[in-house]
Amino acid sequence: MQTSNYLSQDFIFESWYVAAWDHEVSTGQMLARTLLGQPVLLYRDTQGQVVALADKCCHRAAPLSHGRQECDAVRCMYHGMKFDRSGRCIDIPGQDQIPAKACVRSYPVVEKDRFIWIWMGQPQNAAPAAILDFFWHDHADWRMKPGYIHYQAHYQLVVDNLLDFSHLSFVHPTTLGTASNAQVSAQVDRTEDGGLRITRWYINDEMSPNHKRVAQFQGPVDRWQIYQWHAPAFLRMDAGSAPTGTGAPEGRIDPCAMKFRHTSVQTPETLGTTHYFFCQARNFALDNEAMTEAIFQDVCTAFGEDRDIIEGQQKILNTDPNFHPVATAHDMGLNQARFIINRRLQNEQAAPTGTPT
Ligand code: FES
Ligand SMILES: [Fe+2]
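Residues numbered from 1 in each chain as written. Chains lettered and ligands numbered in written order. Predicted model: local features only at pLDDT ≥ 70, side-chain atom pairs only at ≥ 80, totals over all residues.

Visitor: Outline the overall build of the protein chain, listing residues and values.
Guide: On a plain count of helices and strands, the protein chain comes out with 5 helices and 17 strands. Over its C-alpha atoms the protein chain spans a radius of gyration of 22 Å, differing by no more than 12% from the 21 Å that the globule rule assigns to 357 residues. By principal-axis analysis of the C-alpha atoms, the protein chain measures approximately 75 × 50 × 35 Å. Here the protein chain, with 357 residues, has 38% of them falling under the buried criterion. (Helix = DSSP H or I, 4+ residues; strand = E, 2+ residues; numbered from the N terminus. Rg over C-alpha atoms; globule rule 2.2 N^0.38 Å. Buried ≥ 20, exposed ≤ 12 C-beta atoms within 10 Å, placed from the backbone.)

Written out as structure tokens, the structure is:
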């Protein structure tokens, strides 16, 4: 990867990341997933608790994900070394003494809001209280279907995309976008907890195509997209459409208004590839499973549209390490995000503990 002028060449390690949706780590199955350039094995122990170990046997680097789970432990199926859930070797076939160095790294893991969260930084800094809230993933008042897509692109290109919705008019004309997306200026605010709040209102506008498909009323709307973004790559959005003039911008939400909560989370796989976890939750017609599926498919189609252009962008950037972007007024959000990410990287690299390996 040569795109050093435009895309960071390091990962932020001191952060919780999403390793998987909860259903991706199922009992009796091993999930191998590369996160921040490191091979990781995820599985559930006999109590159903998720275990995350380096997917690299300390003997000859065989992937433990090719191994066998034995109760709460995993046995490497190359020469048979067995590791407990803390990563300590507890058996070497044909050998009584187990060297102290015989261990693999284990990672702190928390299961919350249907996400499997992992901490890849210094373990003593892993504070579960810092995990962002995604309550709509399993709240009784909301309904969603979880989604995952893989990108052949640096995660910052996805962040750029999510922080500039002017692209909705051009990339998503039949899914998420209307002509007004590129005309409305977003309000970008820094939040006290080090993130961004991005606010877009479309007053007396048409519904977006995806809202139209599930709307329970017709006519012009006041429509909003209000989202919080936090580094490295978390977007939590409150979006909706209300009949125009019913007071939504002032906080009066008409009973027939449609409200959505959107999740877009990226976890770098490598410096050129990205795991993308998403969902679009709604607070109406909760028992309508066909609607859940239709909304899910709509988002999948739209995210395929994003992926086409972003993976294309990555290929071009690979040919031009010295590319410098020309700025537009819509770049305000993503420029601030880049500033926040760069400052986090600088602080992390200046810290005496350094990056764990
Ligand atoms: S590589 Fe795992 S036991 Fe030899
Ligand atoms: Fe998009």
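Now that the structure has been shown, the text picks up again.
Visitor: I'd like a rundown of the environment of Q297, residues and numbers included.
Guide: Structurally, Q297 is set in helix α4 (residues 289–318). Look at Q297 and you get exposed, because 12 C-beta atoms sit within 10 Å. In this structure, the C-alpha to C-alpha distance between Q297 and N318, residues 21 residues apart in sequence, is 31 Å.

Visitor: Which residues make up the nonpolar core, and what values go with them?
Guide: Counting 83 residues, the largest nonpolar core has A19, L42, A52, L53, I116, I118 and V158 as the members making the most contacts within it. Among the domains, domain 1 (16–128) and domain 2 (130–349) are the pair contributing at least three residues each to this core. Setting aside anything within four residues of it in sequence, one finds I116 in contact with A19, A20, D22, V25, L42, V50, V109 and E111. (Core = buried A, V, L, I, M, F, W, Y, C linked by C-beta atoms within 7 Å. Domains from an automatic or database assignment. Contact = placed C-beta atoms within 7 Å.)

Visitor: Requested: an account of the sheet that holds strand β10 (residues 115–119), with residues and values cited.
Guide: What the 3 strands build is an open sheet, ordered β1-β10-β9; its pairing is antiparallel. The open sheet is flanked by β1 (16–21) and β9 (109–112), the only strands paired with a single partner. Strand-to-strand twist across the sheet, computed as the mean angle between neighbouring axes with direction ignored, equals 30°. Sheet topology note: the β9/β10 ladder contains 4 bridges and is antiparallel. Paired with K112 across the strands is F115, a residue of β10. (Pairing = 2+ DSSP bridges. Axes fitted to C-alpha atoms, helices over the stretch in contact; angles between N-to-C directions.)

Visitor: Mind laying out the sheet that holds strand β6 (residues 73–75), listing which residues take part and the relevant values?
Guide: The antiparallel open sheet is built from 4 strands, whose spatial order is β5-β6-β7-β8. Of all the strands in the sheet, just β5 (68–70) and β8 (89–91) have a single pairing partner and so form its edges. The pairing of β6 with strand β7 (residues 82–83) spans 2 bridges and is classified as antiparallel. By the bridge assignment, R75 is partnered in β7 with K82.

Such coordinate-based values are descriptive only and should not be taken to indicate function.
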